Amino acid sequence: MERLKKRRDFLKVQKGRRVHTGLFSIQALRQDDPAQSRLGFTVSKRVSPSAVLRNRIRRRLKEAVRIGDHGVVATGMDFVVVARRDSLTAPFSRITQELTMALRKAATLPPDTASAPNKRLP
């Protein structure tokens, strides 16, 4: 999976569907290019005011993605993992299991709702 790095990409994925777990939330949005999936990570200051702890959480999530079994995740999706405080102290096996389950669930969202932006009625 490639990485999301630009702010505009993160903001675009915010308009998609969400899957919540105890350790993080996954935001998912179908993209125009069906050949690849991209993944980004967000750990806000609300989780921890310390940059050291936020970076530790981010590193744990990246490693869980690296070693996890995500081959079943559909291509053509953008995902953003929004961490919660508990992901700092949770056992690594739990992080990997929840991340795999949440990515699978987010990848199977109905196509019409996963890519449709929030539209206002006239």
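For clarity, every value in this text was computed on a predicted model and none was experimentally measured. (Residues numbered from 1 in each chain as written. Predicted model: local features only at pLDDT ≥ 70, side-chain atom pairs only at ≥ 80, totals over all residues. Heavy atoms only, no water.)

### Notes on the pairing of strand E4 (residues 38-42)
So, point 1. The buried fraction of E4 amounts to four of the five residues, a majority that puts the element mostly inside the structure.
So, point 2. For strand E1 (residues 2-3) and E4, the ladder comprises two bridges, and the chain directions are parallel. Considered in E4, the bridge of Arg 3 is made with Leu 39. (Buried < 20%, exposed > 50% of the residue type's maximum accessible area, 1.4 Å probe, protein only. Helix = DSSP H or I, 4+ residues; strand = E, 2+ residues; numbered from the N terminus. Pairing = 2+ DSSP bridges.)

### Details of the confidence of the model for the protein chain
So, point 1. Averaged over every residue, the pLDDT of the protein chain is 84; the share at 70 or more is 84%.
So, point 2. Of the regions scoring below 50 in pLDDT, residues 112-122 engages in 11 contacts with residues more than four places distant in sequence or in other chains. (pLDDT = per-residue confidence, 0-100. Contact = heavy atoms within 4.5 Å.)

### Some points on the nonpolar core
So, point 1. Ranked by internal contacts, the top residues of the largest apolar core, which has 26 residues, are Phe 24, Ile 26, Leu 61, Phe 79, Val 81 and Leu 99.
So, point 2. Within the residue set of this core, elements represented by two or more residues are strand E3 (24-30), E4, helix H2 (51-67), strand E5 (77-83) and helix H3 (92-107).
So, point 3. A total of six residues in this core trace back to one element, the largest contributor, which is H3.
So, point 4. Aside from chain neighbours lying at most four places away, what touches Leu 61 is Phe 24, Phe 41, Val 81, Ala 83, Ile 95 and Leu 99.
So, point 5. Ranked by size, the runner-up nonpolar core spans five residues in total, among them Leu 4, Phe 10, Val 13 and Leu 29. (Core = buried A, V, L, I, M, F, W, Y, C linked by side-chain atoms within 4.5 Å.)

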